[in-house]
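Summary of structural features
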Amino acid sequence: MTIEDFKTYVKTRKPLDTEEIHRFMDDMSNEARRITFRLNTAYHTPDEVRGLLSKLFGYEVPQSLRVFPPLYADFGKNITVGENVFINACCHFQDHVGVTIGDGCQIGHNVVFATLNHGLSPEKRKTTYPAPIVLGKNVWIGSNATILQGVTIGDNAVVAAGAVVTKDVAANTVVGGVPAKIMKHITK
């Protein structure tokens, strides 16, 4: 299985339940850990951080990307970042299915992006179900927020610190709580 084969498959949102898929996911996780261990265990200049992230993500990241390590990724090759993105320390990316971060996004400390979910019934618990996460432009995610699989967050939205986002967030809104609900609308 290639990265492109896997990315095509997860877009179907079909269960990740074959031995071939599990082996591929394990191999990719091992590679991601090798890179993130290097990133997270020593000081690196901003250019060095971007160089390691380019290896992790599998493409040349924008020069305007700022990341404060440590950063953790389960897969690594399915994270897309736009221009002028800032990611604060200790963020976790379970990015097997894709995490897209639009231009101008600000990500607080300890944010979790989880693109996989497990079956609810005990006999399906080992099966994972994929859905991507997409952040529009100028989204601000507060510290300790968790964004769950299949969520799209609209342009200019704000996710309050500690929120658990289980459903799509409309543009120009502030959401917070567990589960996250609209707290207010942002007016220009």
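In what follows, the structure referred to is the one given above.
Rules used in this analysis
- Residues numbered from 1 in each chain as written.
- Predicted model: local features only at pLDDT ≥ 70, side-chain atom pairs only at ≥ 80, totals over all residues.
- Heavy atoms only, no water.
- Pairing = 2+ DSSP bridges.
- Helix = DSSP H or I, 4+ residues; strand = E, 2+ residues; numbered from the N terminus.
- Core = buried A, V, L, I, M, F, W, Y, C linked by side-chain atoms within 4.5 Å.
- Buried < 20%, exposed > 50% of the residue type's maximum accessible area, 1.4 Å probe, protein only.
- Contact = heavy atoms within 4.5 Å.
- 1 Å grid on protein atoms, 1.4 Å probe; cavity = no way out; pocket = protein on both sides within 12 Å on 5 of 7 lines; lining within 4 Å.
- Points joined across faces, edges and corners; volume = space filled by probe spheres on them.
- Nonpolar A, V, L, I, M, F, W, Y, C, P; charged D, E, K, R; others polar.
- Salt bridge = Lys/Arg side-chain N within 4 Å of Asp/Glu carboxyl O.
- Phe/Tyr/Trp six-rings, centres within 6.5 Å; stacked < 30°, edge-to-face > 60°.

The 4 strands lie next to each other as β3-β6-β11-β14, forming an open sheet whose pairing is parallel. Sheet topology places β3 (79-81) and β14 (152-153) at the edges, where each strand pairs with a single neighbour. Pairing of β3 with strand β6 (residues 99-101), which is carried by 3 bridges, proceeds in the parallel orientation. When the sheet's bridge partners are listed, Thr80 is paired in β6 with Thr100.

On to the nonpolar core, then. Formed by 39 residues in total, the largest nonpolar core has its most connected members in Leu53, Ile87, Phe93, Leu135, Ile141 and Ile153. Secondary-structure elements contributing two or more residues to this core are α2 (19-40), α3 (46-57), β2 (71-73), β3, β5 (91-94), β6 and β11 (133-135). Ranked by the residues each element gives to this core, the list is headed by α3, at 5 residues. Excluding residues that lie within four positions of it along the chain, Leu135 makes contacts with Thr100, Ile101, Gly102, Cys105, Ile107, Phe113, Ile141 and Ile153. Within the second largest apolar cluster, 10 residues are counted, among which are Leu16, Phe24, Met28 and Val97.

Here 5 strands make up an open sheet; going across it, the order is β2-β5-β8-β13-β16 and the pairing parallel. Of all the strands in the sheet, just β2 and β16 (164-165) have a single pairing partner and so form its edges. The pairing of strand β13 (residues 146-148) with β16 spans 2 bridges and is parallel. Within β16, the residue paired with Thr146 across the bridge is Val164.

When its volume is computed, the largest pocket comes out at roughly 190 Å³. Along the walls of the largest pocket sit 13 residues, with His44, Pro46, Val49, Val67 and Phe68 positioned nearest its centre. Within the residue set of the lining of the largest pocket, elements represented by two or more residues are α3 and β1 (66-67). The biggest single contributor to the lining of the largest pocket is α3, with 3 residues. Per-class residue counts for the lining of the largest pocket are 9 nonpolar, 2 polar and 2 charged. One number sums up the size of the second largest pocket: a volume of about 160 Å³. Lining the second largest pocket are Val165, Thr166, Lys167, Asp168, Val169, Ala170, Val175, Pro179, Ala180, Lys181 and Ile182.

Taken as a whole and judged by the stated rule, the model has 3 salt bridges. Between Glu19 and Arg23 there is a salt bridge, with the nearest N and O atoms lying 3.2 Å from each other. Note that Glu19 and Arg23 are positioned in helix α2 at a spacing of 4 residues, about one turn of the helix. A salt bridge links Arg50 to Asp47; the shortest N-O distance between them is 2.5 Å. Taken together, the residues Arg50 and Asp47, both in helix α3 and 3 residues apart, mark about one turn of the helix.

A few words on the pairing of strand β18 (residues 181-185). Little of β18 is tucked away: 0 of the 5 residues are buried. As paired elements, strand β17 (residues 173-176) and β18 share 4 bridges and run antiparallel to each other. Bridging across to β18, Gly176 finds its partner in Lys181. Two successive antiparallel strands, β17 and β18, enclose a turn made up of 4 residues, where Gly177 displays a positive phi of approximately 100 degrees.

Applying the stated rule across the entire model yields 6 aromatic pairs. Chaining the aromatic ring pairs together yields one cluster made of Phe6, Phe24 and Phe75.

The next thing to look at is the environment of Val99. Here Val99 shows up in strand β6. For Val99, a relative accessible area of 0% translates into the label buried. Between the C-alpha atom of Val99 and that of Thr146, which follows or precedes it by 47 residues, the distance is 13 Å.

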